[in-house]
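Each chain, written out:
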Amino acid sequence: MCNYAAMCLQEAFEFKPEYEGHLTVLARLGSGSACRSVYGGIVEWRGVNPSLLDAKNVNIDEISRLSIAKQLFKQEHVKDWNVLVVIASSREKETSSTIGMRNTVLTSPLIQHRVRHTVPERVDAIVKAIRDKDLNTVAEIMIKDSNQFHACCLDTYPPLLYLNHTSSLVISAIHKLNEILPIKLGYTFDAGPNAVILAHDSVIDLVNKFFVELFGVPQERLNEKASKGSTSQITNTQVSNLLAELQKKWKDEIALARVYHLLRTRVGDDPQKLSE
């Protein structure tokens, strides 16, 4: 996705975009996710009002110009927010995102309600929460929206089963951690089993260490930041007790789980042109 975005940014140095968001429209031709990678910070990919798509004589080119990505907040606004990615599978998906979403639109009644009602309301709510730096609310909205997305996947015929055994354990562990932590964790899964966890600076080392210990992730499967975080100590007694409880209670389930990589990062800054 970032490759498509980089290609479009390179083009930006050669010609002037014709309208706001033009580069993101070009990036979207390669990948939907790429259009959000043209900018840094917090970016919104604006959808198209479904009523426009229902109209007769729809002009696809004009509609395409409405579906653009726009930067809402600079990286500095969320400088103390971190991302921990749990890679729970190395296999190629049985059903691609493109084919899966097409089948969902054709067969899932739930997706229609989601697109027309739930998503617009949640976008407004999460933008406000980000503006207010209210991470607890952001986390709750992330979790609910991710869960509903995968409910739509299950509502598809035939169903799309993107989450796996490891994904389920990560979800359960996060909800248990959220009963303890002062600043809650958020999670989201796209069309796949890999968890993207949102965590504040004040808890990221704790959470990093927790998942390394829970799944027994070896150092060679951690990126540099995750490796540094794995050397910290769990000083929170409640979290330490929870870890011991789950290692005992989930012993058989953990044995069947597989974490291929644990990657730690944070929200990126605006694109930079590199010297040759």
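Residues numbered from 1 in each chain as written. Predicted model: local features only at pLDDT ≥ 70, side-chain atom pairs only at ≥ 80, totals over all residues. Heavy atoms only, no water.

Some remarks on the environment of Ser168
Thought 1: By secondary structure assignment, the location of Ser168 is in helix α9 (residues 165–178).
Thought 2: Among the residues examined, Ser168 registers a relative accessible area of 39% and is labelled partly exposed.
Thought 3: In sequence terms Ser168 and Ala257 are 89 residues apart; their C-alpha atoms lie 9.7 Å from each other. (Helix = DSSP H or I, 4+ residues; strand = E, 2+ residues; numbered from the N terminus. Buried < 20%, exposed > 50% of the residue type's maximum accessible area, 1.4 Å probe, protein only.)

Some details on the pattern of salt bridges
Thought 1: Overall, the coordinates contain ten salt bridges when judged by the stated rule.
Thought 2: For Glu140, the salt bridge is made with Lys144, and the minimal N-O distance between the two is 2.8 Å. You can see Glu140 and its partner Lys144 sitting in helix α8 (residues 135–155), four residues apart, about one turn around the helix.
Thought 3: Take Lys144: its relative accessible area is 45%, and that puts it in the partly exposed class.
Thought 4: Arg266 serves as the salt-bridge partner of Asp201, at 3.3 Å between the closest nitrogen and oxygen. Taken together, the residues span a long stretch of sequence, with Asp201 in helix α10 (residues 201–215) and Arg266 in strand β6 (residues 261–266) at a distance of 65 residues.
Thought 5: The structure contains a network of salt bridges with shared partners spanning Arg114, Arg122 and Asp145. (Salt bridge = Lys/Arg side-chain N within 4 Å of Asp/Glu carboxyl O.)

Describing the packing of aromatic side chains
Thought 1: One pass over the structure, following the stated rule, counts three aromatic pairs.
Thought 2: Both rings, one in Phe210 and one in Phe211, keep their centres 5.4 Å apart while their planes meet at 85°; by these two values the pair is edge-to-face.
Thought 3: Taking the relative accessible area as the measure of exposure, Phe210 reaches 0% and is therefore buried.
Thought 4: The buried category is assigned to Phe211, whose relative accessible area is 2%.
Thought 5: Arg258 extends its terminal NZ or CZ atom over the ring of Tyr260, reaching a point 4.5 Å from the ring centre. (Phe/Tyr/Trp six-rings, centres within 6.5 Å; stacked < 30°, edge-to-face > 60°. Lys NZ or Arg CZ within 6 Å of the ring centre and 35° of its normal.)

Topic: the environment of Cys152
Thought 1: By secondary structure assignment, the location of Cys152 is in helix α8.
Thought 2: For the pair Cys152 and Met101, spaced 51 residues apart in sequence, the C-alpha to C-alpha distance is 9.6 Å.
Thought 3: If near-sequence neighbours (up to four positions away) are discounted, Cys152 is found in contact with Thr104, Ser108, Leu110, Ile111 and Arg114. (Contact = heavy atoms within 4.5 Å.)

Some thoughts on unusual backbone geometry
Peptide bonds are mostly trans, and most non-glycine residues show a negative phi.
Thought 1: Look at the link from Tyr157 to Pro158: it is a cis peptide, with omega at -10°.
Thought 2: Residue position: Pro158 is located in the loop between α8 and α9.
Thought 3: Even without being a glycine, Lys133 presents a positive backbone phi close to 55°.
Thought 4: Among the structural elements, Lys133 can be located in the loop between α7 (109–131) and α8.

Overview of helix α6 (residues 97–107)
Thought 1: Those residues of α6 that fall on the buried side of the exposure criterion are Gly100, Asn103 and Thr104. Angularly, the buried residues of α6 cover 105° about the axis, an arc narrow enough to put them on a single face. The exposed set on the far side of α6, more than 90 degrees from its buried face, consists of Thr98, Arg102 and Leu106.
Thought 2: Against the buried residues of α6 lie α7 and α8. (Arc of directions from axis to C-beta.)

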